[in-house]
Amino acid sequence: MSILGIKRTPLAWLNLTHDRRKFATSMAGVGFAVLLMFLFTGFKNALYDSQVQVINRLNADIVIINRLKNNMFVPEPFARRRLYQARAFDGVAATYPLYISDVRWKNPVTQQTRPVRVLAFNLADPVLPLPGVQANLAALKLPNTALIDTRARPEVGPRKAGVVTELADRQVRIVGTISLGTDFASGNGNLIMSDQNFLRYFADRGPEEDERSFATADIGLIKVEPGADVDRLVQQLSEFLPNDVKVMRRSGPGNSFEAQERDYWRESTNIAFVFSLLTVMSFFVGIILVYQILYTDVADHWSEYATLKAMGYSNRFLLGVVIQEAVILSVLGFIPGMLISRLLYTGASNAIGLVFLMTPERIVNLYLATFAMCLISGAIAVRKVQSTDPAEVFG
Amino acid sequence: MAASPASSATETSPDNSAAPAVQIRHLNYFFGTGELRKQVLFDINLDLPRGQIVIMTGPSGSGKTTLLTLIGALRTVHAGSLQVLGQELMGLSSRKLVGVRRNIGFIFQAHNLFESLTAAQNVEMAVELQPQFHAKRTQATEILGQLGLDNRVDYKPESLSGGQKQRVAIARALVNQPPLILADEPTAALDKKSGRDVVTLMQKLAKEDNRTILMVTHDNRILDVADRIINLVDGYIESDETLDTFNTTHDPKNLDQQMFIL
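Residues numbered from 1 in each chain as written. Chains lettered and ligands numbered in written order. Predicted model: local features only at pLDDT ≥ 70, side-chain atom pairs only at ≥ 80, totals over all residues.

Student: What's the story with the overall build of chain B in this structure? I'm lost.
Tutor: The secondary structure content of chain B amounts to 9 helices and 10 strands. A total of 262 residues make up chain B; the buried ones form 50% of that total. Long-range contacts, defined as pairs at least 24 residues apart, comprise 71% of the intrachain contacts of chain B with a sequence gap of at least 6. (Helix = DSSP H or I, 4+ residues; strand = E, 2+ residues; numbered from the N terminus. Buried ≥ 20, exposed ≤ 12 C-beta atoms within 10 Å, placed from the backbone. Contact = placed C-beta atoms within 7 Å.)

Structural data, given as structure tokens:
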């Protein structure tokens, strides 16, 4: 359109920014709708992301679990000899058992008991490569010691080294901390201990509790050799091992432990639906807000737009102006909305220990939603401009 | 008179310089449909040659503005023939009407300037209708200069007086050098002196470049710029005279006597 770099007068931009206060209000309006969408999708994603955060930290490419364990919540261990069987396969570098149990923890301050989840493993195995674990290996070897998650819920009491309290009615000493985060299956938080200590606490908890031993493990971790075909190995293991276990990739789409966990929470709860509904509602709130903004602009400049039509500008040009305004609003409203959401994500994450992730993909998706929101509003508002009769300007 | 760049480039009407600016034959126009159909223009026949300044006057509701908007290609012609700059408007699609409008300069009672644009930018919006507008800034400042707004070029309308705003609007209408200019009460919102200045400017620009101006006005103070005065009453052309004849026939004293006789 431009010749020698001479551009058209940026009418959309100038109309939108002419009144600074109105412009700021418009941006705040769009930003608010963006914020709502970020919050609701944030909560929805936090549900799934939190459930799989432990899974994704495990140092494994393939996992073996009991066929009945369709989510992390189900306490169904499998025979540990399956892990030894798996080790015989070509391409398997190492196998590690991980023991998990839910247990009562006494808050040392309030003396109230709360359920927590204990993750235990052989300290010689690199099961959970977290900095807190590496630093406290020596202390963890002592009897009745454990690490506590600093992001456990505040209800468990002080989350720091040196705490002495009761776990499963036995004394426990906290010798260090890790940073992991909570989820719906972990009760109020996670503890980490050695497999030896695990036996101390869970081998015999009385007649009403399952006896635990090294004969069974909750999650079997398989580390493959570099360059090995993980999918082929998964298939071979599944064919060879008896049907009491399930073999799958640790994470990724398709047949993986992570995907199974996500599917379980998606299919068995309505939470995702509720938050999706709220997101959709925010989207429509946004449409109404942006429509109001654009409609006001059109209404305020009614006779000017009609004059442009009388001068010989086509409807398509006016449509372009309104759509440009919509696009400008979508960009300029999205940025502050996203930045504030980011702050709220961090705040919420620190407060309740769930994971609020703002991945590039989610940002792009929400921007596309914002763009669609502004475009729909623009399309509605533009009908008003198109109906402008240039003859009305006379008289 | 040279054809304006717009007309030579738009797909619609080659500006036929030989044709009169406006030629109307047996034009009838109706508002509404069915039972509510009301005729507002009756068998209008009118020729506006090039270079003439024509003032159209008449009581409210006589159809002046309707006729003006028809000539301006802002309404669709129902019956009769209406040629603007050699282009027949009867039966023209609305897209082609948009093209015709680009050869016409419009001046309204309200200035209708964008508050968000400077005087120059408002004028440039008109230049941008041309296929080539790389000199838009120069063209805009030049015409604003001719209208005595040299030092107001980068002012926004809110910092301009009423007369200045109307002059910017006139600059916008004239910048593309349209062969036909349609004005609707251009002085109505102005005080006596500003109004006089505005019409004198229009007259000067019209005479210099052989433009045709059709102006609807109730303002008796500016009748003297007209070559010709058309009086429209109840949708009929009641009279079509030179300024001098108009003054005698429409002298309030004469009118009063006629009324007494009736």
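The rest of the description comes next.
Student: Explain the overall build of chain A to me, please; I cannot follow it from the model alone.
Tutor: The helix and strand tally for chain A stands at 12 helices and 11 strands. Against the 2.2 N^0.38 benchmark of 21 Å for 395 residues, chain A shows a C-alpha radius of gyration of 29 Å, more extended than a compact globule. Dimensions of chain A, computed from C-alpha atoms along their principal axes, come out at roughly 95 × 50 × 40 Å. The buried share among the 395 residues of chain A stands at 43%. Pairs at least 24 residues apart make up 79% of the contacts formed inside chain A by residues separated by at least 6 positions. (Rg over C-alpha atoms; globule rule 2.2 N^0.38 Å.)

Student: Sorry, what's going on with the nonpolar core here?
Tutor: As a rule of thumb, soluble globular proteins bury nonpolar side chains together. Counting 114 residues, the largest nonpolar core has Val290(A) and Val123(B) as its most contacted members. Ranked by the residues each element gives to this core, the list is headed by helix α2 (residues 20-57) of chain A, at 9 residues. Residues within four places of Val290(A) in sequence aside, it is in contact with Val30(A), Ala326(A), Leu329(A), Met373(A), Cys374(A) and Ser377(A). Counting residues in hydrophobic clusters, the runner-up holds 63 residues, among them Ile64(A), Val116(A), Met193(A) and Phe202(A). (Core = buried A, V, L, I, M, F, W, Y, C linked by C-beta atoms within 7 Å.)

Student: How should the sheet that holds strand β4 (residues 79-84) of chain B be read in this particular structure?
Tutor: Whenever strands of a sheet pair, they do so through backbone hydrogen bonds, lying parallel or antiparallel. All names here are of chain B. Pairing is antiparallel in the open sheet, where 4 strands are placed in the order β2-β1-β4-β5. The outermost strands of the open sheet, each flanked by one partner alone, are β2 (38-48) and β5 (87-88). Bridge count between strand β1 (residues 22-31) and β4: 5 bridges; the pairing is antiparallel. Each residue of the ladder has a partner; that of Gln 23, found in β4, is Gln 83. Strands β1, β2 and β4 of the sheet are contacted by helix α2 (residues 64-71), whose axis makes an angle of about 60° with β2. (Pairing = 2+ DSSP bridges. Axes fitted to C-alpha atoms, helices over the stretch in contact; angles between N-to-C directions.)

Student: Even after reading the chapter, I still don't get the interface of chain B and chain A, so can you show me in this structure?
Tutor: One frequent convention defines the size of an interface as the accessible area lost when the parts assemble. Listed as interface residues are 28 residues of chain B and, on the opposing side, 23 residues of chain A. For the side of chain B that touches chain A, the elements supplying multiple residues, two or more each, are α2, α3 (94-101) and α4 (119-127) of chain B. The element that contributes the greatest number of residues to the side of chain B that touches chain A is α4(B), accounting for 4 residues.

Student: I tried to follow α2(A) on my own but got confused; where do I start?
Tutor: Turn by turn, an α-helix covers 3.6 residues, leaving residues three or four places apart pointing in a common direction. When the terminal C-alpha atoms of α2(A) are compared, their 49 Å separation across 38 residues is substantially less than the 56 Å that a helix rising 1.5 Å per residue should span. The sharpest bend along α2(A) reaches about 30° and sits at Gln51(A). (Expected span 1.5 Å × (residues − 1). Bend = angle between axes of the 7 residues up to and from the residue.)

Student: Explain the sheet that holds strand β8 (residues 212-216) of chain B to me, please; I cannot follow it from the model alone.
Tutor: All names here are of chain B. In space, the 6 strands of this open sheet follow the order β6-β7-β8-β3-β9-β10, with mixed pairing throughout. Bordering the open sheet on either side are β6 (104-107) and β10 (236-242), each of which pairs with just one other strand. Each adjacent strand pair in this sheet contributes to an overall mean axis angle of 15°, direction not counted. In the sheet, β6 pairs with strand β7 (residues 180-184) via 4 bridges, with the strands oriented parallel. Within the sheet, the bridge partner assigned to Gly 105 lies in β7 and is Ile 181.

Student: What is the right way to read the domain arrangement of chain A from this model?
Tutor: Residues and elements named next belong to chain A. Under the domain assignment used here, chain A contains domain 1 (11-51 + 270-393) and domain 2 (59-249). Summarising the inter-unit geometry, the C-alpha centres of domain 1 and domain 2 are found 46 Å apart. Taken together, the residues that form the side of domain 1 that touches domain 2 break down as 2 nonpolar, 3 polar and no charged. (Domains from an automatic or database assignment. Nonpolar A, V, L, I, M, F, W, Y, C, P; charged D, E, K, R; others polar.)

Student: Is there a simple way to explain the environment of Leu232(B) in this structure?
Tutor: Residue and element names in this part refer to chain B. With respect to the helices, strands and loops of the structure, Leu 232 is situated in strand β9 (residues 228-233). Residue classification places Leu 232 among the buried residues on the basis of 24 C-beta atoms within 10 Å. For the pair Leu 232 and Ser 60, spaced 172 residues apart in sequence, the C-alpha to C-alpha distance is 9.7 Å. Apart from the residues lying within four places of it in its own chain, the contact partners of Leu 232 are Met 56, Gly 58, Ser 62, Gly 63, Lys 64, Leu 67, Ile 237 and Glu 238.

Student: Would you take a moment to explain the pairing of strand β8 (residues 190-194) of chain A for this structure?
Tutor: Successive side chains on a regular strand alternate, one facing one side of the sheet and the next facing the other. Residues and elements named next belong to chain A. In terms of burial, β8 is largely enclosed, as 5 of its 5 residues are buried. Here strand β4 (residues 113-121) runs beside β8; their pairing, made up of 5 bridges, is parallel. Looking across to β8, one finds that Leu 119 is bridged to Ile 192. Sheet topology places strand β5 (residues 145-149) next to β8; 2 bridges connect them, and they run antiparallel. Along β8, the bridge assignment pairs Leu 147 with Ile 192.

Student: Any chance you could explain the packing of helix α9 (residues 271-300) of chain A against helix α12 (residues 360-386) of chain A here in plain terms?
Tutor: If you want to describe how two helices pack, look at the angle between their axes and the distance between the axes. All names here are of chain A. Contact geometry of α9 with α12 gives a least axis separation of 8 Å together with a crossing angle of 40°. In terms of axis orientation, α9 runs oblique to α12. Taken as a pair, α9 and α12 cross one another with a handedness that is right-handed. Taken together, the residues of α12 that come into contact with α9 (itself represented by Phe 283, Gly 286, Ile 287, Val 290, Tyr 291, Leu 294, Tyr 295 and Val 298) are Ala 369, Met 373, Cys 374, Ile 376, Ser 377, Gly 378, Ile 380, Ala 381, Lys 384 and Val 385. Of the residues assigned to the contact of α9 with α12, the class counts are 14 nonpolar, 3 polar and 1 charged. (Parallel < 35°, antiparallel > 145°, perpendicular 65-115°, else oblique. Left-handed = near helix turned anticlockwise from the far one by under 90°.)

Student: What is the right way to look at the environment of Val98(B) in this model?
Tutor: Locating Val98(B) in the fold gives a position in helix α3. The buried category is assigned to Val98(B), around which 25 C-beta atoms lie within 10 Å. Along the sequence, Val98(B) and Ala21(B) sit 77 residues apart, while their C-alpha atoms lie 17 Å from each other. Those residues in contact with Val98(B), other than ones at most four positions away along the chain, are Gly312(A) and Ser314(A).

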